[in-house]
Amino acid sequence: MPPKFGGGIKCKKCGGSVYSAEQAPGAVPYHKMCFICTGCRKLLDSTNQCERQVDGNTELYCKACYNKVAGPKLFGYAGGGGTMGHTQ
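What counts, and where the lines are drawn
Residues numbered from 1 in each chain as written. Predicted model: local features only at pLDDT ≥ 70, side-chain atom pairs only at ≥ 80, totals over all residues. Heavy atoms only, no water. UniProt positions renumbered as here; feature names shortened; annotations may be inferred. Helix = DSSP H or I, 4+ residues; strand = E, 2+ residues; numbered from the N terminus. Contact = heavy atoms within 4.5 Å. Pairing = 2+ DSSP bridges. Core = buried A, V, L, I, M, F, W, Y, C linked by side-chain atoms within 4.5 Å. Buried < 20%, exposed > 50% of the residue type's maximum accessible area, 1.4 Å probe, protein only. Polar contact = N/O pair within 3.5 Å; in protein donor to acceptor, adjacent residues only side chain to side chain.

Going by what an unreviewed UniProt entry lists, the protein is known as LIM zinc-binding domain-containing protein and is assigned to Tieghemostelium lacteum. Listed in UniProt under the heading Subcellular location (unreviewed entry), the comment for the protein reads: "Nucleus".

A.B. asks: How would you explain the side chain of H31 if you had to name every residue and give the values?
C.D. replies: Turning to its location among the elements, H31 is positioned in the loop between strand 2 (17-18) and strand 3 (49-54). Look past the residues within four positions of H31 in its chain and what remains in contact with it is C11, C14, G16, S17, V18, E22 and A24.

A.B. asks: Account for the pairing of strand 3, with residues named and values stated.
C.D. replies: Of the pairings in the sheet, the one linking strand 3 to strand 4 (residues 57-62) comprises six bridges and is antiparallel in character. By the bridge assignment, Q53 is partnered in strand 4 with T58. Following strand 3, the chain reverses through two residues before pairing antiparallel with strand 4; D55 in that reversal takes a positive phi of roughly 50°.

A.B. asks: Tell me about the nonpolar core, residues and numbers included.
C.D. replies: Residues C11, V18, A24, Y30, C34, F35, C37, L44, L60, Y61, C62 and C65 constitute the largest nonpolar core, which totals 12 residues. Of the residues forming this core, the biggest block, three residues, is contributed by strand 4.

A.B. asks: Quick one: what's the story with the side chain of N48, residue by residue and with numbers?
C.D. replies: Summarising the element assignment, N48 is placed in the loop between strand 2 and strand 3. Its relative accessible area of 19% is what places N48 among the buried residues. Polar contacts involving the side chain of N48 include one to the main-chain amide nitrogen of D45, which spans 2.9 Å. Those residues in contact with N48, other than ones at most four positions away along the chain, are K42, L43, Y61, C62 and K63.

A.B. asks: Report on unusual backbone geometry, specifying residues and quantitative values.
C.D. replies: Backbone geometry places R41, a non-glycine residue, at a positive phi of 65°. Looking at where R41 falls in the secondary structure, it is placed in the loop between strand 2 and strand 3. With relative accessibility at 56%, the residue R41 sits in the exposed group. The phi dihedral of D55 is positive, around 50°, even though this residue is not glycine. Its place among the elements puts D55 in the loop between strand 3 and strand 4.

So this is what it looks like as structure tokens:
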């Protein structure tokens, strides 16, 4: 019987084996090069990583892109005080 290779834990993004030397920080297994923002393609770390579930798939975002995609959609949000006029 030939030896079996690739028995490590699998990366959630590419499905390849993730070994401890190439694993991104955190509990979920990702390669360091697979641990990137879906929006801007910036490398992530445990301090700026956000996840969003879309159709059963996990999408990774940095905090800035996550706020653009999944932030509040309210009138005047991030528009400053000038956009919220008071009329009587």
